[in-house]
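# Fold and geometry: a report
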There are 4 protein chains.
Amino acid sequence: MKRTNDFEALKAECYELNMEIPRRNLALYTWGNVSIIDRNAGVFAIKPSGVSYDELKKEDIVIVDLQGAVVDGSLKPSSDTQTHAVLYRDFKDIGGVVHTHSTYAVGWAQALEPIVIYGTTHADHTIQDIPCTPPMSDAKIEGDYEVETGVQIVEHFRKMNLDPNETQMVLVGSHGPFTWGVDGAKAVYNAVVVEELAKMATITRQANPQVQRLKEALRRKHYERKHGPDAYYGQG
Amino acid sequence: MKRTNDFEALKAECYELNMEIPRRNLALYTWGNVSIIDRNAGVFAIKPSGVSYDELKKEDIVIVDLQGAVVDGSLKPSSDTQTHAVLYRDFKDIGGVVHTHSTYAVGWAQALEPIVIYGTTHADHTIQDIPCTPPMSDAKIEGDYEVETGVQIVEHFRKMNLDPNETQMVLVGSHGPFTWGVDGAKAVYNAVVVEELAKMATITRQANPQVQRLKEALRRKHYERKHGPDAYYGQG
Amino acid sequence: MKRTNDFEALKAECYELNMEIPRRNLALYTWGNVSIIDRNAGVFAIKPSGVSYDELKKEDIVIVDLQGAVVDGSLKPSSDTQTHAVLYRDFKDIGGVVHTHSTYAVGWAQALEPIVIYGTTHADHTIQDIPCTPPMSDAKIEGDYEVETGVQIVEHFRKMNLDPNETQMVLVGSHGPFTWGVDGAKAVYNAVVVEELAKMATITRQANPQVQRLKEALRRKHYERKHGPDAYYGQG
Amino acid sequence: MKRTNDFEALKAECYELNMEIPRRNLALYTWGNVSIIDRNAGVFAIKPSGVSYDELKKEDIVIVDLQGAVVDGSLKPSSDTQTHAVLYRDFKDIGGVVHTHSTYAVGWAQALEPIVIYGTTHADHTIQDIPCTPPMSDAKIEGDYEVETGVQIVEHFRKMNLDPNETQMVLVGSHGPFTWGVDGAKAVYNAVVVEELAKMATITRQANPQVQRLKEALRRKHYERKHGPDAYYGQG
């Protein structure tokens, strides 16, 4: 049987990653949450609901199982916990999930516009547009809303034939960005990236309203510099 | 009979809330003011007129009655005091009022445009567009201007059938945002929120000039996650 | 006869005001300058040319006469010294002059667009649009350029029938903002204001491309709250 | 024969210049690199590949020869090393090269738009538009990509008849800015400048979509105030 202090390291790491959100200006007050999973233990750690980053403490982090039921912690987990749970169940290789209300990414999500790939900064991270899910049906909104938000992401990836290991970010239409990654640090990094890509795309369209999507060869080149068998970026 | 030091706690809290304004980048120099009310005592505390946040001290805070007459303090209260007084008289449940000249909210107020509800960040706070009052008549401008500013807010809410407990922010047309809340901290929070919503709406329209208002079901869902009898956001 | 240490106080004040420029994010590197005048002594103090704010020291400030000739100091005065000199000679009541390359004000100056008065933030400072001088003739550019820049400001104010005591800021077309005031602190304040007004006007036009100039009654009301015989803003 | 500690001063300077990149908000994480050349030794110092600015240490800097082969250092040099090498080989007078993904400059690069010269801030640095290279051919992308990026810059300058000593910045189309200068400090300065010029140009076009290029006389005047035989800006 698990005891409370088994989760100390997981909570501590989850806390540190959550504190990156205000440091990187990705959310005001309580408007974001980071979770990280321990797949062996079958649990993930997540920010408690409605607690401001100013007041968040390491011991406030909540441990839940893959159905989102609380395993450890005295606070209620994030109201988005079920969305995280769906992503962990369906995207088998991810180790962390981040949700924020960062300004430009929300601006595009509200516009129901995918972030078109216009340059190599984008291609360094994925060769696809950052997808934006369509408006949710009323039935689903009135159903199990946070579960449906996760399901909608997963189904949109399936429908668009996107690989969640290659495209590690999405705009939930009318709402805002969710990002993930092999671990929590990568998921937070991707939350910074999606905000920057949204801002760059805004400027690009202002500078040239007729701008075209980045050409295929350049998309592949930059992605493959950093990812896959022939990657040569970094020290790896 | 009230003595000066009766108001020390009220002044101290009002001072701290005023200092949030420059910390949150909501106003330059003297361009904002926060008040909080003590309904039992029938007075409210407010920033003095024309004193820069850099120089503001706790003891500078002025105590006025609900007609705006000074009850305690050696400085003149904010030139917007009468507007605050009208709001406290008509919106019976509010505990704090904030006025700023934050950049994006002023940008929209000057445009005489309500901030349309485009996403869930907005719906987390109100299911209505943030209203913008129409231009004031010349007679009212040349009359008791600051009182009329308050009256205009109250009348616009009545005319638009808005509930000030649900929609806790307004753009005064050609001028800027006023926000309020159950207490001063909530009013300051709402001043941050209205600035962010204005910025997000600007980006949303840039990304998609044909964007539509957020669908009804999603408006209700997000608002009711946080407010009302079935709220499940936060630790409450 | 004047001795070096006569100007120590003037240099110290000028230095402090210059340091407000980077603190308020109004200029990168060396892209700005503040001067203040001592009308009794017939001299003004100004930043030296091409010295970065990072390295500027109090003793680097240069003292020049109203023709711009160096009276005290071992460095060359700002290349814009002659423009300041013209303003001091023609605008008899001003005590300080500031020039920056702040981003939004330069954006509008490059657009050759006056900053239209759209709201009360603007009317709190002047009831006029912030004027923008037309492109300078080639003959003047190739003549005594910095003197002509000052002359152009003065002539534009005359032609537009503007009062430099009421409108304390201008955009020099294709170049950037100059501001002034009764003293150096007011001139620096106005440099912050013109940048903010330019940013707000940009947002206002984005939110409503058909926006109209602020109505006359509101312009007068806000200006007269703060200025003139019936002013009631502040503690004065 | 060179020994390791011969390069200590070069590494130390290169490290300090690299740290200016995050300080000046020109790049997130690892998205930039600065190099400086020692032409006598026939080597240049450059940031290692994929090392975050948060973790970069002086001793991580890599020394390479003008073909980009590592001469000293235990890490892999920046993936953009070959681009720097081409610039050093072809632009004989430059002492430093900088590449960033600063937001506005990338926005314009992605738009495949040169930054038109709209004002004197731009003319203080060059009398030309900041050029933007056209999309690279697929053959070159799939060839020696980083070398080709450098070649493309050099060929574009030749074709446009631009002097790299006068125009010290370029937008690589679909990618982002490269800047250079007589030394590393000037190259970093130019990286700040190109970002600011891109932002100013964005605002200028918003304020006046019909804006015209700066007139010839003003371009020459401002450039020659700062550069060439008759320069009179600064203390030189």
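The structure this text deals with has already been given above.
Residues numbered from 1 in each chain as written. Chains lettered and ligands numbered in written order. Predicted model: local features only at pLDDT ≥ 70, side-chain atom pairs only at ≥ 80, totals over all residues. Heavy atoms only, no water.

### Looking at the interface of chain A and chain B
On the side of chain B, 32 residues touch chain A, which itself brings 35 residues to the contact. The contact between chain A and chain B buries some 3000 Å² in all, and 54% of this surface belongs to carbon and sulfur atoms. It is A:Tyr29, A:Trp31 and A:Gln110 in chain A that bury the most area against chain B; as a group they hold 23% of the surface buried on that side. Our count for the contact surface shared by chain A and chain B stands at four salt bridges. With a shortest N-O distance of 3.8 Å, B:Arg24 and A:Asp54 are connected by a salt bridge. Inspection of the region where chain A meets chain B yields 21 residue pairs in polar contact (both at pLDDT 80 or more). Mapped by element, the contributors of at least two residues to the side of chain A that touches chain B are helix H3 (103-110), helix H5 (138-142), helix H6 (145-159) and helix H7 (184-207) of chain A. (Contact = heavy atoms within 4.5 Å. Buried area = accessible area lost by both parts, 1.4 Å probe. Salt bridge = Lys/Arg side-chain N within 4 Å of Asp/Glu carboxyl O. Polar contact = N/O pair within 3.5 Å; in protein donor to acceptor, adjacent residues only side chain to side chain. Helix = DSSP H or I, 4+ residues; strand = E, 2+ residues; numbered from the N terminus.)

### What to know about H7(A)
The periodicity of an α-helix, 3.6 residues per turn, causes residues three or four places apart in sequence to face the same way. All names here are of chain A. Compared with an ideal rise of 1.5 Å per residue, which puts 24 residues at 34 Å, H7 spans 35 Å between its outermost C-alpha atoms and is within 8% of the ideal. With 19 of its 24 residues buried, H7 lies for the most part within the structure. A distance of 3.3 Å separates the backbone nitrogen of Ala185 from a side-chain oxygen at the start of H7, and that oxygen is part of Asp183. (Expected span 1.5 Å × (residues − 1). Buried < 20%, exposed > 50% of the residue type's maximum accessible area, 1.4 Å probe, protein only.)

### A closer look at the pattern of salt bridges
The tally for this structure, following the rule as stated, stands at 57 salt bridges over all chains. Salt-bridge contacts for A:Arg225 lead to D:Asp80; the nearest nitrogen and oxygen are separated by 3.6 Å. Here A:Arg225 is found in helix H8 (residues 216-226), whereas its partner D:Asp80 is found in the loop between strand S4 (70-72) and helix H2 (81-90) on a different chain. Accessibility assignment for this pair places A:Arg225 and D:Asp80 in one class, buried. Here B:Glu20 and B:Arg23 are joined by a salt bridge, their closest N and O atoms 2.7 Å apart. With B:Glu20 and B:Arg23 both in helix H1 (residues 8-23) and three residues apart, the pair spans about one turn of that helix. Members of the salt-bridge network, linked through shared partners, are A:Glu20, A:Arg23, A:Arg24 and D:Asp54.

### Considerations on the sheet that holds strand S6 (residues 169-172) of chain C
Residue and element names in this part refer to chain C. In spatial order, the strands read S4-S3-S2-S1-S5-S7-S6; together these seven strands make up an open sheet with antiparallel pairing. In this open sheet, the two strands that pair with only one neighbour each are strand S4 (70-72) and S6. Between one strand and the next, the sheet's axes are offset by a mean angle of 25°, whatever the strand orientation. Strand contacts of helix H1 (residues 8-23): strand S1 (32-38), strand S2 (43-46), strand S3 (62-65), S4 and strand S5 (96-100), with the helix running at about 150° to S1, the strand carrying the most contacts. Helix H7 (residues 184-207) contacts S1, S5, S6 and strand S7 (176-181) of the sheet and is inclined by roughly 140° relative to S7. (Pairing = 2+ DSSP bridges. Axes fitted to C-alpha atoms, helices over the stretch in contact; angles between N-to-C directions.)

### Quick look at the arrangement of the chains
Contact between chain A and chain C is absent, and the least distance between their C-alpha atoms amounts to 12 Å. With no contact formed, the shortest span from any C-alpha in chain B to any C-alpha in chain D equals 12 Å.

### Overview of the relation of the copies chain A and chain B
The second copy of the chain is related to the first by a rotation about an axis and a shift along the axis. Mapping chain A onto chain B leaves a residual RMSD of 0.0 Å; the transformation is a rotation of 90° accompanied by 0.0 Å of translation along its axis. These values place the two chain copies in the arrangement generated by a four-fold rotation axis. No C-alpha of chain A approaches the rotation axis more nearly than that of A:Gln206, which lies at 5.9 Å. (Least-squares fit on C-alpha atoms with pLDDT ≥ 70 in both.)

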